[in-house]
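# Overview (structure and organization)
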Amino acid sequence: MPGRAFPIWAWVAGGSALGGVLRHAAGLMAAPPWPTLAVNVAGSFAIAIYWALTGPDGRVLVAPRYRFAVMAGLCGGLTTFSMFGIEFWSMMLEGARGAAGAYLLVSATLWLLAAAAGMFAGKWINGARR
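Residues numbered from 1 in each chain as written. Predicted model: local features only at pLDDT ≥ 70, side-chain atom pairs only at ≥ 80, totals over all residues. Heavy atoms only, no water.

### Some remarks on the overall build of the protein
Operational definition: Helix and strand assignments follow DSSP, with helices taken as H or I runs no shorter than four residues and strands as E runs no shorter than two, numbered in order from the N terminus. Any residue under 20% of the maximum accessible area for its type is buried, any over 50% is exposed, and the rest in between are partly exposed; the area is computed with a 1.4 Å probe on protein chains only. The contact rule is simple, with two residues in contact once any of their heavy atoms fall within 4.5 Å. Accessible surface is estimated by sampling points in the Shrake-Rupley manner with a 1.4 Å probe; for residues, cover comes only from the protein chains shown.
Helix and strand counts for the protein stand at 5 helices and 0 strands. Counting only C-alpha atoms, the protein reaches 55 × 40 × 20 Å along its principal axes. The buried share of the protein, reckoned over its 130 residues, is 30%. Restricting the contact set of the protein to residue pairs at least 6 apart, pairs at least 24 apart contribute 73%. Within the structure as shown, the protein displays about 8000 Å² of accessible surface, and the carbon and sulfur contribution to it stands at 74%.

Next up, the structure:
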């Protein structure tokens, strides 16, 4: 396709591939469920700060293809809520109900706090540069 830009789905696919590779690399560094928790917290922060910085009121101007590549692609490929579900239910089936409950509570709390931190950091950066 000489002279034509890649379609947005290609940008998302590229971001997803990179996110998946990073997720796999995180999984090699520690035993479950810690890599899953770490990438979900990091991904929550990353998507939120990128959203704030590149949104309509943001200070970073990017083309829509880059927003899709980072948010839907990279962060979508990096975070692993499907693996989180498997790990949670595996713990439940093994009788580790307390650990599974703690994992659920700690995970959800940290994801939400990371997303809030990313949004507030992005908004602060946006305001600091005006």
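### Looking at the packing of helix H2 (residues 34-54) against helix H5 (residues 97-128)
A pair of packed helices is captured by two measures, namely the crossing angle of their axes and the spacing between those axes. Here is the rule we go by: Where helices are involved, their axes are fitted lines through C-alpha atoms of the stretch in contact, as for all axes, and angles between N-to-C directions lie from 0 to 180°. By the definition adopted for this analysis, an angle is roughly parallel if under 35 degrees, roughly antiparallel if over 145, roughly perpendicular if from 65 to 115, and oblique otherwise. Helix crossings fall into two classes, left-handed where the near helix is turned counterclockwise from the far one by less than a right angle and right-handed where it is turned clockwise. Here the nonpolar group is Ala, Val, Leu, Ile, Met, Phe, Trp, Tyr, Cys and Pro; Asp, Glu, Lys and Arg are the charged ones; every other residue, Gly included, is treated as polar.
Taken N-terminus to C-terminus, the directions of H2 and H5 make an angle of 25°; their axes are 7 Å apart at the nearest point. Taken as axis vectors, H2 and H5 run roughly parallel relative to one another. The handedness of the crossing between H2 and H5 is right-handed. Grouping the amino acids of the contact of H2 with H5 by side-chain chemistry returns 18 nonpolar, 7 polar and 1 charged.

### Some words on a nonpolar patch on the surface
Counted only if it meets this: Like-charged residues are merged into a patch within 9 Å and nonpolar side chains (Val, Leu, Ile, Met, Phe, Trp, Tyr) within 5 Å, provided each residue has over 30% relative accessible area and no salt bridge. Salt bridges, as used here, are contacts in which a Lys or Arg side-chain nitrogen is within 4 Å of a carboxyl oxygen on Asp or Glu.
Nonpolar side chains collect at one region of the surface, where Val106, Leu110 and Leu113 lie side by side and expose about 250 Å² of accessible area between them. Of note, Val106 is situated in helix H5.

### Some details on the packing of aromatic side chains
The condition that has to hold: Any pair of Phe, Tyr and Trp rings, taking the six-membered ring for Trp, is counted once the centres come within 6.5 Å. Such a pair is stacked with planes under 30 degrees apart, edge-to-face with planes over 60 apart, and tilted for the rest. In this analysis the charged atom, NZ for Lys or CZ for Arg, is taken to sit over a ring once it is within 6 Å of the ring centre and within 35 degrees of the ring normal.
Here the structure, examined in full by the defined rule, presents 7 aromatic pairs. Consider the rings of Trp11 and Tyr66, whose centres lie 5.0 Å apart with planes at 85°: the pair is edge-to-face. Highlighted residues: Trp11 in helix H1 (residues 8-29) and Tyr66 in helix H3 (residues 64-78), separated in sequence by 55 residues. On the numbers, 4.5 Å between centres and 75° between planes, the contact of Phe81 with Trp111 is edge-to-face. Linking Phe81 in helix H4 (residues 81-93) with Trp111 in helix H5, this pair joins segments that are 30 residues apart in sequence. By relative accessible area, which is 40% here, Phe81 ends up partly exposed. Among the residues examined, Trp111 registers a relative accessible area of 11% and is labelled buried. Linked through ring pairs, Phe81, Phe84, Phe88, Trp89, Tyr103 and Trp111 together constitute an aromatic cluster. Lying over the aromatic face of Tyr66, Arg65 brings its terminal NZ or CZ to 4.9 Å of the ring centre.

### With respect to the nonpolar core
Burial of nonpolar side chains together is a common tendency in soluble globular proteins. Inclusion rule: The term nonpolar core refers to a set of buried residues drawn from Ala, Val, Leu, Ile, Met, Phe, Trp, Tyr and Cys, joined through side-chain atoms within 4.5 Å.
Counting 7 residues, the largest nonpolar core consists of Leu37, Phe84, Phe88, Met91, Ala100, Tyr103 and Trp111. Sorting the residues of this core by element identifies H4 and H5 as the ones contributing at least two each.

### Overview of the confidence of the model for the protein
Regions with low pLDDT carry predicted coordinates that are not meant to be interpreted in detail. Heads up, the condition is: As a per-residue measure, pLDDT reflects the predictor's confidence and takes values from 0 up to 100.
Averaged over the protein, the pLDDT score is 92; the fraction of residues at 70 or greater is 95%. Taking the mean pLDDT of every element in the protein, the minimum, 90, falls on H4 and the maximum, 96, on H1.

### Quick word on the side chain of Arg23
Looking at the secondary structure, you find Arg23 in helix H1. The contact partners of Arg23, leaving out residues within four places of it in the chain, are Pro35, Thr36, Val39, Gly77, Leu78, Thr80 and Met83.

### Some words on H5
This is how the line gets drawn: Given the number of residues in a helix, its expected span is that number minus one, multiplied by 1.5 Å.
Between the first and last C-alpha of H5 there are 46 Å, a value that for 32 residues agrees with the 46 Å anticipated at 1.5 Å per step. Every buried residue of H5 is listed here: Ala100, Tyr103, Ser107, Trp111, Ala114, Gly118, Gly122 and Asn126. Looking at the buried positions of H5, the neighbouring elements they touch are H2 and H4.

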